[in-house]
Every structure is written in C-alpha cells, then in structure tokens.
Amino acid sequence: MTTENNLLPRMVTMQKALLASLRLKDVLDAAVMQFAELLGGAKVAIFLSDNESLALKLMAAKGYSDASLEQMKVLPFSAESLLKYVVQKRTPIGVQNIAQAPEISSQIMRREGSNGQIALPLISANLLVGGVLIEVHNQQFLNYIDFLKDIADIVALAIANSILFGRSEYERERLSTLYKTSCALSGSMLEVSEVLQIATDTALILGNTTTCAILLLDQTKQGFHLAAFKGLDGSSLSDFEMGTQGTVAGNCVRNGKTEYIGDGNREPFGLPRAMGGAPFLSVVALPLMYNGEALGVLEVFSPESRAFHREQIDLLESLTSQVSTAMFVALTHESTASQSILDAHTGLYNRRHFEESLQKELDRSARHKHEFALLLIDLDHFAQVNDHLGQDKGDEAIRHVAKVLKNALRDIDIAVRYGGEEFAVILPETPKGSAVEVAERLRQTIRNATAPGVGTITVSIGLSAFPGNSENAADLIKAAEQALDIAKFEGRDRVKDAETGKHAVSGPIDWDDVANQAKMSVINERQSRLQSRLTVAPEYASWMTKQPALVKKKSQNTGE
C-alpha cells in the first residue's frame, strides 16, 4: 500500500527501473508496471504524441479491457477525454466520478469500473512527449496528483532518451542497409529480377513496413504493370492494372516527385487492398527516373494513417536513386543478352536459363529463408490441334499461351518454354497458398483468352514449393511434374499442388503411387495416339503409291 511515508523510496525504485534500459519498449513496460504497482494495481495506459497526425497513439497498457484498448488505440488531440486537457494545458488533471469526465473518459471509466481517472502530461525539454491515463479504484490517489506529475516527468525524460537512442540506432541500421544495397546494386551486372528483389527487400527495411510494390511503365508510357511486390494479398494484384491518370503512381511519374498520402481519404486513389481486404491508409510513391526518363514507381504501403516520417522518405528517395540507375543498366543489358537465353519461337526464357535461374532462386531463398514456387504448365490435348488444324496452328497456340503468360506475370517472375507445349514459371517470394492463387488465375486467364484460328485453349498446371515440397532443384521439378501428371490424369484444365515433403497428406493411396499411376496413364494415352497414327500411315502410303497409276490411266482415257 502506497502511503506518504513510502512515496520517496517508491519514486527512487521507479527511477532505477526506468533508467535500467535505453530501449523504448523496456522503458514503456517499466513505466506501466511501476505506475500500476505504485497505485495499488491501477490500470495504466501510456501514449506517445504524433504531431504529424495530431493524435496520441497508445504504446503500452496494463489492466484495460480489449474494448478500451481498441478505443484508445489512436486518440486525436481534439477527442473528448482528459488527455485533451493534458495536451492543451500541459498540466495533470483528475476526476472522481463519471459525471465529471468528458465523453470518452466517462465511457472508459464505466467500462473499467473505475472510481477515478487521472491524466498526466509527459513533457521533456518543454516538448509534449505524450500522456499517461490511469484508472484508480481508491480515490485517495487523486490527492497525490502533484507527486504523480513528478513521476511523469521522470518517465518523460526516460522516454525521450530512449527515443533519441532508438533514432540513432535506427539511422545507423538504415544507413548500413542503404550502403549494403548500394554495394549489391553496383558490385556486378545484375538481371532485372535481381534488381527488383534487392529494391523490394530494402524498401521494407527503410520504410519499416511489410508491404511494397514496384510498378514499371509499359511501352506506351500510359499505363503500369506490376513488376514486383511484397506482402500484398493475391486478390489485390489486379488493382495495379492502372493508367497514369488519377492515380498516386501516375502523379508521381508526371511530376517526377515523391507523392505521400497519409490518410487514404483524398484523390488520387489507386491504392490496393491490404491482407484481408482492409484499405491501405498511407502510401509513399517514389519515381524511378534515369536521366530524366521515367522507368516506373516504387510504392510502400501501410494500413495505419500517417505511417511514414520524413526520415524514412529521405532514405527511400536515396534508395530509388540507386535502383533507377541499376534498373536502367539491367534493362539495357537484358536487351542485348536476351538472344542467348530466350526461346526464339515464344520470346520466353529457354530451358538452359531456367535451370540456372532455378538454382539461383533456390540458393537465394535458402540464404534469406524465403519461399518460392515452381509451376509446370502443359497445353491440354495439344496433339489434336496439330492433327486437326496443322502444325502452324499448333505453333500459333504455343505463341498465344506464351504471350498470355508474359502479360499475366510480374517482371520478377521467370516464365520459360520448358519444352514442346510445356512451360515453366518460377515465382519468387511466393508462399504456396499464394502460388496456388496465381496458378488458378493463370489457368482461367489462358482459358478465357481465345486463340485466333485455334479457339479455346486449356492448360493443366502442376505446382511445387520451396521449402515445403523440397529444398533441392531436382526434387522440386519432380514434385511439379508429378502434380502435372495427376492434374492431367484427373481430367485436365486444373491446378494440382504437390503433396510431398512437409506438404504430404495422409490418405488411402500414397502420393508416389498416385503419381506413378497418373504417369502411366499419360504414357498409355500417348502410345495409343501414336498407334492410331501408325495404323493410318500405311494406308496413306498405299494410296500414294496407287495415285500415279490412276492418274496415268485417266490420262490415257482422255487421250493425253
């Protein structure tokens, strides 16, 4: 029990606890615990001031219900609570009953069963750092409000010191990241996909967020396509099929300057959805420019309002300057080097490049503990297209599917002509669940995009994932091939994901047995089709040998 006799010893104890660490989280946790103990198990919440959004943000709390925590998550300076008085007057205030309290304070007091509420300012160097809200059960603690103000001053000093320390650590870490990124981008000739990977990984660190995207301008310079992303919901990817008019990215490119929206409530929109469909409230769009030419836009997102600060934006602008140069060099190099790694028939990458890229992606993902997926795509009943429409139409069908794949995938994805009528796609930074969504979207897109002179084309897709299905290239390919055989065996025009490794599913029939049965079925079907051709071929050859005699006889009958 706190009494006048033990106030000073408790204050010393609290001061020691607050100064024991320079980490902000430790200071906040210590402050909450010490206030609660000092005031006999009171409920305590500590807020920090955000002058950009003109609001107090809840940083630490003890004892409050979930409903109250949600209500206090962000309190505008103008919100009707005791903290409004603290912000305006910079002095402590307390109320003994609900009738005396402002609207929000009275709601919290009623919900928490409080017999009194105290609000204390956190002031350091004449600056408002934040505030403390306390629910007390013993109204006698309201008499100690001046003493609590002295405690709050100590808390404010400890918080201010930890913030300064945190900022210096943050700046050091971010500058180190930026330096490492600069070395990675300039150290060697990179492919476009590698530049995109480095840029998105670094943007997440510098922006202190989980979501970003890179949009590159299309050839017309009137629209964007999604080249790379991190942390976006698969259902929101179509939101990036946007033009340069009336969007944040478009404004950014036209003006050649960074665009920042902090509340998500003003034009231009063009913001995607976060995981679960919630809207993003903050976005920073930074232009990718080289010698005055716009290449695209880097965007970072947050579901919180006013999530990005000037220091973060400055670092992101330094990043985009480096990325723009590396991207221009990579695009230029890619255009000259592509002849040796592209399939001449489709314009996709060839098998040799696929094998090299798969091993690179596997090594990179293992090193950074990331996930990726592999798709194998086969045109359904392709032999019938050749048999009935001719090989020229078969070639057109392959080129058509290749074009659809190019348009539907990110620049960071690697689409390959795997052989004949088969394609492969490497999906970096893509967990298995998202890869299934991508594969299903590809299947539907190919089905809906009618090929001129051929008609509707359907595909079967087999999918494997790293590291769930396997952690080596050969087994990843094998798992995807097994899944593809089963997709064809089960009726074609579908996606099948491999059930091997960590994704193995127990059932009456082992996966390998099903895969072997499916493979034998596919082989038997091919042999049956080949046998039918061999049966027709002798008759055709016989007809050809008789044709000259028929022509000769006819000629004789006509007197020729």
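Basis of the calculations
Residues numbered from 1 in each chain as written. Predicted model: local features only at pLDDT ≥ 70, side-chain atom pairs only at ≥ 80, totals over all residues. Heavy atoms only, no water. Helix = DSSP H or I, 4+ residues; strand = E, 2+ residues; numbered from the N terminus. Buried < 20%, exposed > 50% of the residue type's maximum accessible area, 1.4 Å probe, protein only. Contact = heavy atoms within 4.5 Å. Areas by Shrake-Rupley, 256 points an atom, 1.4 Å probe, with all protein chains shown as cover. Core = buried A, V, L, I, M, F, W, Y, C linked by side-chain atoms within 4.5 Å. Axes fitted to C-alpha atoms, helices over the stretch in contact; angles between N-to-C directions. Parallel < 35°, antiparallel > 145°, perpendicular 65-115°, else oblique. Nonpolar A, V, L, I, M, F, W, Y, C, P; charged D, E, K, R; others polar. Phe/Tyr/Trp six-rings, centres within 6.5 Å; stacked < 30°, edge-to-face > 60°. Lys NZ or Arg CZ within 6 Å of the ring centre and 35° of its normal. Salt bridge = Lys/Arg side-chain N within 4 Å of Asp/Glu carboxyl O. Pairing = 2+ DSSP bridges. Expected span 1.5 Å × (residues − 1). Left-handed = near helix turned anticlockwise from the far one by under 90°. Lys, Arg positive; Asp, Glu negative; His and termini not counted. Polar contact = N/O pair within 3.5 Å; in protein donor to acceptor, adjacent residues only side chain to side chain.

Asks: How do you make sense of the overall build of the protein chain when you look at a structure like this?
Replies: If you tally the helices and strands in the protein chain, you get 15 helices and 16 strands. Counting only residues that meet the buried cut, the protein chain has 47% of its 560 residues in that class. Across the protein chain, every contact between residues at least 6 apart in sequence was considered, and the portion connecting residues at least 24 apart equals 63%. Working note: accessible area of the protein chain is about 27,200 Å², and carbon and sulfur atoms make up 52% of it.

Asks: What exactly am I supposed to notice about the nonpolar core here?
Replies: If you look at soluble globular proteins, the nonpolar side chains tend to sit buried side by side. Residues Val-195, Leu-196, Ile-214 and Leu-319 are the most contacted members of the largest nonpolar core, which totals 33 residues. Listed by contribution, the elements that provide at least two residues to this core are helix H6 (145-186), helix H7 (192-207), strand S7 (211-217), strand S8 (224-230), strand S10 (282-290), strand S11 (293-302) and helix H9 (310-341). Excluding residues within four positions of it along the chain, Leu-196 makes contact with Ile-214, Ala-227, Ala-228, Met-327, Asp-411 and Ile-412. Listed in part, the 32 residues of the second largest apolar core include Leu-28, Leu-142, Phe-147 and Ala-156.

Asks: Would you explain the packing of helix H11 (residues 382-389) against helix H12 (residues 391-408) in this entry?
Replies: Packed helices, taken two at a time, are described by the angle their axes make and the gap between the axes. It is the contact of H11 with H12, at a shortest axis distance of 6 Å, that shows an interaxial angle of 140 degrees. The angle between the axes of H11 and H12 places the two elements in the oblique class. Where H11 abuts H12, its residues Phe-382, Val-385, Asn-386 and Leu-389 lie against Gln-391, Lys-393, Gly-394, Ala-397 and Ile-398. The class makeup of the residues in the contact of H11 with H12 is five nonpolar, three polar and one charged.

Asks: I'm lost on the packing of aromatic side chains in this one. Help?
Replies: The relative placement of two aromatic rings is captured by the distance of their centres and the angle of their planes. Tallied over the full model, the rule gives six aromatic pairs. For the ring pair Tyr-290 and Phe-328, a centre distance of 4.1 Å and an interplane angle of 15 degrees mean the geometry is stacked. Here Tyr-290, found in strand S10, pairs with Phe-328, found in helix H9; they are 38 residues apart in sequence, far enough to count as distant. Lying over the aromatic face of Tyr-418, Arg-351 brings its terminal NZ or CZ to 3.9 Å of the ring centre.

Asks: Can you help me understand the pattern of salt bridges in this one?
Replies: Where charged atoms of side chains with opposite charge meet at close range, the side chains can pair. Enumeration over the complete set of coordinates arrives at 24 salt bridges. Close ionic contact of Glu-429 with Arg-364 constitutes a salt bridge, the shortest N to O distance being 3.0 Å. Pair noted here: Glu-429 is in the loop between strand S14 (422-428) and helix H13 (432-448) and Arg-364 is in helix H10 (residues 351-368), with a separation of 65 residues, a long-range link. Like Glu-429, the residue Arg-364 is buried in the burial classification. Among the ionic pairs, Asp-378 bridges to Lys-488, the shortest N-O distance being 3.8 Å. Here the residue Asp-378 occupies a position in strand S12 (residues 372-379), and Lys-488 occupies one in helix H14 (residues 473-489), the gap between them amounting to 110 residues. The residues Asp-378 and Lys-488 share a single accessibility class, namely buried. One salt-bridge network, in which partners are shared between bridges, spans Asp-201, Lys-230, Glu-361, Arg-364 and Glu-429.

Asks: Please explain the sheet that holds strand S9 (residues 259-261) as it appears in this structure.
Replies: Remark on secondary structure: sheet strands pair via backbone hydrogen bonds, oriented parallel or antiparallel. Taken in spatial order, the five strands line up as S8-S7-S11-S10-S9 in an open sheet, and their pairing is antiparallel. The sheet terminates laterally at S8 and S9, the two strands that pair on one side only. When strand polarity is set aside, the average angle formed by the axes of neighbouring strands in this sheet is 20 degrees. In this sheet, S10 lies alongside S9 in antiparallel orientation, the contact comprising three bridges.

Asks: I keep staring at helix H2 (residues 24-38) and nothing clicks. Help me out?
Replies: With 15 residues, H2 should cover 21 Å at 1.5 Å per step; its first-to-last C-alpha distance of 21 Å lies within 8% of that length. For H2, the full list of buried residues reads Val-27, Leu-28, Ala-30, Ala-31, Val-32, Gln-34, Phe-35, Ala-36 and Leu-38. Looking one or two places after H2, you find Gly-40, whose phi comes out positive at around 65 degrees.

Asks: Any chance you could explain the sheet that holds strand S13 (residues 414-419) here in plain terms?
Replies: A sheet is described by the order of its strands in space; here five strands give the open sequence S13-S14-S12-S15-S16, paired in mixed fashion. Both outer strands of the open sheet, S13 and strand S16 (495-497), are each paired with one neighbouring strand and no more. Here the strands of the sheet are splayed against their neighbours by 20 degrees on average, with no regard to which way each runs. Alignment of S13 against S14, held across five bridges, turns out to be antiparallel. In the strand pairing of S14, Ala-415 is matched with Val-425. Along the sheet, H14 contacts S12, S13, S14, strand S15 (459-466) and S16; its crossing angle with S15, the most-contacted strand, is approximately 150 degrees.

Asks: So what exactly am I meant to see when it comes to the pairing of S8 here?
Replies: Regular strands place their side chains on alternate faces of the sheet. Burial analysis of S8 places six of its seven residues in the buried class, which makes it a mostly covered element. Between S7 and S8, which follow one another and run antiparallel, lie six residues, and Lys-221 among them has a positive phi close to 65 degrees.

Asks: Where do I start with H14 in this structure?
Replies: An ideal rise of 1.5 Å per residue puts 24 Å on 17 residues; H14 measures up with 24 Å between its terminal C-alpha atoms. Counted residue by residue, H14 has twelve buried out of 17 residues, so it is predominantly covered. What H14 keeps buried is the set Ala-473, Leu-476, Ile-477, Ala-479, Ala-480, Gln-482, Ala-483, Leu-484, Asp-485, Ile-486, Ala-487 and Lys-488. Positive backbone phi, at 130 degrees, marks Gly-491, one or two positions downstream of H14.

Asks: Got a minute to help me understand the packing of H12 against H13 in this structure?
Replies: Direction vectors running N to C along H12 and H13 enclose 135 degrees, while the axes themselves pass 10 Å from each other. Here H12 lies oblique to H13, going by the angle between them. The handedness of the crossing between H12 and H13 is right-handed. Contact residues: H12 offers Val-401, Val-404, Leu-405 and Ala-408, while H13 offers Arg-441, Leu-442, Thr-445 and Ile-446.

Asks: Could you clarify how one ought to interpret the side chain of Glu-135 in this entry?
Replies: Secondary-structure assignment places Glu-135 in strand S6 (residues 127-136). Buried charge without a salt bridge: Glu-135, with Lys-43 as the nearest opposite-charge side chain at an N-O distance of 7.5 Å. Side chain to side chain, Glu-135 and Gln-117 meet in a polar contact 2.6 Å long. Filtering out sequence-adjacent residues up to four positions away, Glu-135 remains in contact with Ala-42, Lys-43, Tyr-64, Ile-108, Met-109, Ser-114, Gly-116 and Gln-117.

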